[in-house]
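# Observations on the model geometry
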Amino acid sequence: MTENTSAAEPLAADSAIAVVGMSGRFPGAADLDTYWANLLDGLCSVTDFTEEELIADGADPQEVRGRDYVPAKGHLADADRFDAELFGFNRTEAAALDPQHRLLLETAWAALENAGRSPLGGPGRTGVYVGGGPTEHMLAAQTNPRLAASIGALQVRILTDREFLAPWLSYRLGLQGPSMTVQTACSTSLTAVHLAVQSLLLGECDTALAGGVAVDAVHRRGYVHQQGGIYSPDGRCRPFDERAGGTVPGNGVGVVVLRRLSDALADGDPVRAVIRGSAVTNDGADKVGFTAPGVDQQTAAVVEAWTAAGLDPADAQYLEAHGTATALGDRIEAAAATAAFKGALGTGRIGLGSVKSNIGHLDAAAGVAALIKSVLMLEHATLVPNADPGRPHPELGFDDSPFHLIERAAGWPEPEHGPRRSGVSSVGIGGTNVHVVLEEAPPRTAGDPDAGDGAEVLLLSARTRQDLSAVAERLAKALRAPDAPSLADTAYTLHRGRAPLAVRGYVRAGDRARAAQLLDGIASGGRAGAGGADPLGEAWLAGEAVVREGGGRRVALPSYPFAGESHGAYRLGAAPGGQEPEERDTSGGLEQGVRALLAEALGLADADDPEMTYFAAGGDSLTAVHLVGCLRDDFGLDVPVTLFLEQLTLHEMARQIIATGEGDDSLDALLSEFEAE
């Protein structure tokens with residue numbers, strides 16, 4: 001990575017956006033390190049399922065055994081797991097919460113940590129721009145009368161509908177900037193990035209989360225190939241290849257953290273890449289059909305994005321294409337890109353690829369998966385190939401174009417003028433085209449790995465002791481890596497860029513090797529404070545808010561080791577795990593029946609813990625309104641909703657519910673108003 005020499009560069013910090021953090025989970029990759037390793041190896045991470053696996057996961061045996069059924073998908077492992085308590089959801093809510101919401105919450109948390117920012121109550125004026133796809137869970141949950149009776153129809157909708165993806169992030173992470181759920185079909189997540197960029201440039205927010213998620217089903221599923229349709233007949237996606245036959249569906253999630261470049265540089269943020277410009281267009285009626293792409297407006301999106309960047313498309317060395325591998329889609333995209341990058345026409349010097357060859361088509365998360373791939377290539381100064389690359393399709397005219405398909409991983413040559421640059425394109429059914437101009441990050445002065453005037457205190461926290469061990473283990477591994485950050489930067493990031501959770505530990509050390517050794521002790525269940533007692537560390541163990549003296553920079557450290565259990569997913573005709581909720585037993589007397597109702601609404605095995613409060617169990621105002629209605633309908637008890645706003649144990653609450661059940665005449669008006677909304 002070298003100093004920028006282009007004439008436009010001195011103005012870039014005022015109009016450019018820094019990518020300061022990223023996180024994602026994609027087929028075959030639970031984290032971005034694995035994602036990059038897979039891309040570097042040209043690995044196809046589409047999973048081929050056996051007939052037994054598919055049927056065991058609820059697929060229709062007759063369909064699976066059909067001639068045109070393709071048992072393949074870009075499958076996302078463990079998409080049903082969720083660290084619910086970390087985000088304040090009780091078990092009932094967690095089971096109802098759509099898997100897309102669950103994954104997006106964890107990924108946003110990890111992305112903020114990757115940026116060296118606390119994921120709870122983080123930087124002020126943080127905007128959220130995300131989108132998702134339709135899910136089987138949402139359809140099944142919203143049509144399940146037993147679930148509606150258990151927690152309320154409105155609560156079911158809020159927990160499952162994709163329109164609430166952004167608000168849940170803002171609410172659970174305490175983010176107070178604009179919060180928008182974006183929907184432009186396959187180009188959703190890259191459109192979300194564009195909107196976040198615009199919001200930052202307009203000053204509507206100072207930090208932004210942008211991205212998308214697509215988990216149509218957590219269960220193993222294939223698809224039915226139709227002649228002339230968009231899906232591949234053999235379960236492989238080969239964009240721009242002479243063997244291309246269509247795309248393959250996939251699931252995944254990705255989030256990037258964005259800041260104005262000037263702010264990021266001033267604050268010493270870990271800039272991973274720079275967004276120089278972006279643009280969005282729509283084909284309108286200028287195409288053969290609603291689902292078909294169009295040449296002119298795809299070209300316009302590319303040209304407008306590079307114009308916004310103050311650059312020429314010919315300044316690119318790589319284009320990450322949408323790349324569906326369909327006959328119509330590839331032909332139109334190749335024609336549009338050739339027209340947009342005409343300044344390099346006939347040179348063949350711009351590399352071309354599409355991550356769909358590796359992971360399939362991730363629908364609403366496709367654009368952010370492509371963006372993250374491009375950022376990683378810029379970071380590593382390495383161009384990676386499509387999975388199983390073949391010869392370009394002869395009808396695409398690559399012999400006299402600006403492009404060549406990347407055939408194998410290779411170093412990204414340093415341009416003669418300016419930094420490395422790439423374009424990222426995404427196209428949505430319905431005609432929304434997006435293009436983003438990326439540039440490698442400006443050089444960051446390397447920190448001295450062992451800099452500092454003395455020992456540093458590394459503060460750790462987690463929700464459980466088991467999670468704390470995992471935090472320590474991950475950090476020890478990171479400190480032993482060849483490119484490990486300095487101990488001072490590590491201490492600074494842990495203090496400023498992590499949420500202070502209940503279970504805590506610390507180590508005090510004077511160098512990275514000793515710190516890693518002490519962290520191994522905590523990972524093995526050793527003492528929470530190691531390396532010698534320290535006033536700062538002891539105050540941290542006591543649960544106090546501490547102030548660390550000394551400087552440092554934000555650096556990328558391992559993110560939280562989410563360890564949630566499986567909360568399943570609703571399927572049409574069945575609840576999570578295939579089991580319908582049990583009927584509530586009200587035969588044990590009025591107080592026992594009320595406790596059973598509270599337990600059911602709060603997802604508790606029972607309500608017999610004498611110290612458990614309503615709010616500690618995950619109760620909120622919406623659940624309270626549902627409970628008020630159930631108490632009236634099931635037990636004839638008219639209870640004021642304000643009773644649930646008091647700090648009462650569940651035992652006390654059950655007794656007061658019965659004691660005050662004679663009435664609050666305002667209840668009917670309150671419920672009528674709520675239902676009307």
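Residues numbered from 1 in each chain as written. Predicted model: local features only at pLDDT ≥ 70, side-chain atom pairs only at ≥ 80, totals over all residues. Heavy atoms only, no water.

Our focus in this paragraph is the pairing of strand β13 (residues 350-353). Of the two faces of β13, the one holding Ile 350 and Leu 352 and the one holding Gly 351 and Gly 353 are both buried throughout. For strand β12 (residues 318-320) and β13, the ladder comprises three bridges, and the chain directions are parallel. Residue pairing across strands places Glu 320 opposite Gly 353, the latter belonging to β13. Handedness of the β-α-β unit built from β12, helix α14 (residues 327-340) and β13 comes out right-handed. Pairing of β13 with strand β15 (residues 403-405), which is carried by three bridges, proceeds in the parallel orientation. Its bridge partner being in β15, Gly 351 is matched across the sheet by His 404. (Buried < 20%, exposed > 50% of the residue type's maximum accessible area, 1.4 Å probe, protein only. Helix = DSSP H or I, 4+ residues; strand = E, 2+ residues; numbered from the N terminus. Pairing = 2+ DSSP bridges. Right-handed = clockwise from strand over helix to strand, strands pointing away.)

Here we come to helix α19 (residues 512-523). Its 12 residues place the ends of α19 16 Å apart at the C-alpha level, agreeing with the 16 Å of an ideal helix rising 1.5 Å per residue. Looking at α19, one finds that the buried residues are Arg 512, Ala 515, Ala 516, Leu 518, Leu 519 and Ile 522. The buried residues of α19 all sit within an arc of 165° when viewed along its axis, so they share a single face. For α19, the N-terminal cap is Asp 511; the gap from its side-chain oxygen to the backbone nitrogen of Ala 513 is 3.1 Å. In the segment just after α19, Gly 525 is the residue with positive phi, at about 95°. (Expected span 1.5 Å × (residues − 1). Arc of directions from axis to C-beta. Polar contact = N/O pair within 3.5 Å; in protein donor to acceptor, adjacent residues only side chain to side chain.)

The subject of this paragraph is the pattern of salt bridges. Tallying each qualifying case throughout the model produces 36 salt bridges. For Arg 157, the salt bridge identified is with Asp 161, shortest N-O distance 3.9 Å. When its relative accessible area of 35% is taken as the criterion, Arg 157 is described as partly exposed. Judged by relative accessible area, Asp 161 falls into the buried class, the value being 15%. Of the charged contacts in the structure, one is a salt bridge between Arg 508 and Asp 534, with a shortest N-O distance of 3.2 Å. Linking Arg 508 in strand β20 (residues 503-509) with Asp 534 in the loop between β21 (529-530) and α20 (535-541), this pair joins segments that are 26 residues apart in sequence. Since its relative accessible area comes to 31%, Arg 508 is described here as partly exposed. Taken together, the shared-partner salt bridges connect Arg 117, Arg 259, Asp 267, Asp 269 and Arg 554 into one network. (Salt bridge = Lys/Arg side-chain N within 4 Å of Asp/Glu carboxyl O.)

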